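Residue-level listing of the chains:
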Amino acid sequence: MPLFLGNHNNKVDRKGRVSVPASFRKHLSSDDGCGFVAIPSFPDPDQPDDPPCLEGMGYGQLHAMQEAVAASYGIYSEEYQSFTELTFGMANELACDADGRVVLPQALLDHADISDSAVFWGLGSKFLILSPRNHQKKLAATLRRTGGRKPNVLVRPTLSKTGDQP
């Protein structure tokens, strides 16, 4: 499972090309090259100060999400239909060129308010692409929402390949 970490501010050229951080590309590479899916965010009515962005992820994460939704809901349920329409129906497949850049279509640039630079913000199994201004707004909103504290998460130890505790 990929682990996208940190934030990286990269220039966007006049053609909408932006370099994907090398640390992200290593998780997005396959025999077919480097690529990922970018999905426009949608406003959450409960979080009005949450700015627009793009959610990026590899195909493995997208498949895992689809399997989880298919296992939880019937394929004709409202939840399944909403998920597929707003995820797969809005997804953009982006391929890296030989220099590790992708072209962000104008509709995605407009949605995320990206002009001359884009921040790739690693969030573990996925990442966000957003303007530097919206990155700061989103980070400030998260700090307000959490009071600046990290949630207390129970982490269960996993067994090593030999069966011993780590």
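These remarks concern the structure in this document. (Residues numbered from 1 in each chain as written. Predicted model: local features only at pLDDT ≥ 70, side-chain atom pairs only at ≥ 80, totals over all residues. Heavy atoms only, no water.)

1. Comments concerning the state of the cysteines
Then, in step 1: Under the defined criterion, the tally for this structure stands at one disulfide.
Then, in step 2: Covalent S-S linkage joins Cys34 and Cys96, the inter-sulfur distance amounting to 2.3 Å. In this pair, Cys34 sits in strand E4 (residues 33-40) while Cys96 sits in the loop between strand E6 (92-95) and strand E7 (101-103), placing the two residues 62 residues apart along the sequence.
Then, in step 3: By relative accessible area, Cys34 is classed as buried at 14%.
Then, in step 4: With no disulfide of its own, Cys53 has Cys96 as its nearest cysteine by sulfur position, at a separation of 19 Å. (Disulfide = S-S within 2.5 Å. Helix = DSSP H or I, 4+ residues; strand = E, 2+ residues; numbered from the N terminus. Buried < 20%, exposed > 50% of the residue type's maximum accessible area, 1.4 Å probe, protein only.)

2. Structural notes on the pattern of salt bridges
Then, in step 1: The final tally for this structure, using the stated rule, is five salt bridges.
Then, in step 2: As a salt-bridge pair, Asp50 and Lys138 come within 2.4 Å of each other at their nearest N and O atoms. Taken together, the residues Asp50 in the loop between E4 and strand E5 (54-57) and Lys138 in helix H5 (residues 132-146) connect sequence positions 88 residues apart.
Then, in step 3: Overall, Lys138 belongs to the buried group, its relative accessible area being 13%. (Salt bridge = Lys/Arg side-chain N within 4 Å of Asp/Glu carboxyl O.)

3. What about the nonpolar core?
Then, in step 1: With 22 residues, the main nonpolar core has Val20, Leu28, Phe36, Val102, Leu104, Phe127 and Ile129 as its most contacted residues.
Then, in step 2: For this core, the secondary structure elements donating two or more residues are helix H1 (22-28), E4, helix H4 (106-111), strand E8 (117-122) and strand E9 (127-130).
Then, in step 3: Looking at this core element by element, the count peaks at three residues for E4.
Then, in step 4: When near neighbours in sequence (up to four residues on either side) are disregarded, Val102 contacts Gly16, Arg17, Val18, Val20, Phe36, Leu94, Ala95 and Cys96.
Then, in step 5: Within the second largest apolar cluster, five residues are counted, among which are Cys53, Val119, Leu128 and Leu130. (Core = buried A, V, L, I, M, F, W, Y, C linked by side-chain atoms within 4.5 Å. Contact = heavy atoms within 4.5 Å.)

4. Describing the side chain of His135
Then, in step 1: Take His135: it is sitting in helix H5.
Then, in step 2: Judged by its relative accessible area of 5%, His135 falls in the buried class.
Then, in step 3: Within the structure, His135 has its side chain in polar contact with the side chain of Gln136 (distance 3.4 Å).
Then, in step 4: Once residues within four sequence positions are removed from consideration, His135 is found in contact with Asn7, Val119, Trp121 and Leu130. (Polar contact = N/O pair within 3.5 Å; in protein donor to acceptor, adjacent residues only side chain to side chain.)

5. Some words on a nonpolar patch on the surface
Then, in step 1: On the surface, Phe42, Leu86 and Met90 cluster together to form a nonpolar patch covering roughly 260 Å² of accessible area.
Then, in step 2: By the element assignment, Met90 lies in the loop between helix H3 (78-86) and E6.
Then, in step 3: Here Met90 falls in the partly exposed class, since its relative accessible area comes to 33%. (Patch = residues over 30% accessible without salt bridge, like charges linked within 9 Å, V, L, I, M, F, W, Y side chains within 5 Å. Areas by Shrake-Rupley, 256 points an atom, 1.4 Å probe, with all protein chains shown as cover.)

6. Considerations on the packing of aromatic side chains
To describe a pair of aromatic rings, you give the distance between the ring centres and the angle between the ring planes.
Then, in step 1: Taken as a whole and judged by the stated rule, the model has seven aromatic pairs.
Then, in step 2: Consider the rings of Phe24 and Phe127, whose centres lie 5.2 Å apart with planes at 50 degrees: the pair is tilted. In this pair, Phe24 sits in helix H1 while Phe127 sits in strand E9, placing the two residues 103 residues apart along the sequence. Across the pair, Phe127 and Phe24 agree in class, each one buried.
Then, in step 3: Grouping aromatic residues by their ring pairs yields a cluster made of Phe4, Phe24, Phe36, Phe120 and Phe127. (Phe/Tyr/Trp six-rings, centres within 6.5 Å; stacked < 30°, edge-to-face > 60°.)

7. Quick look at unusual backbone geometry
Then, in step 1: Residues other than glycine seldom take positive phi values, yet Asp113 does so here, at roughly 55 degrees.
Then, in step 2: Tracing the backbone through its elements, the reader meets Asp113 in the loop between H4 and E8.
Then, in step 3: In this structure Asp113 comes out as partly exposed when scored by relative accessible area, which is 41%.

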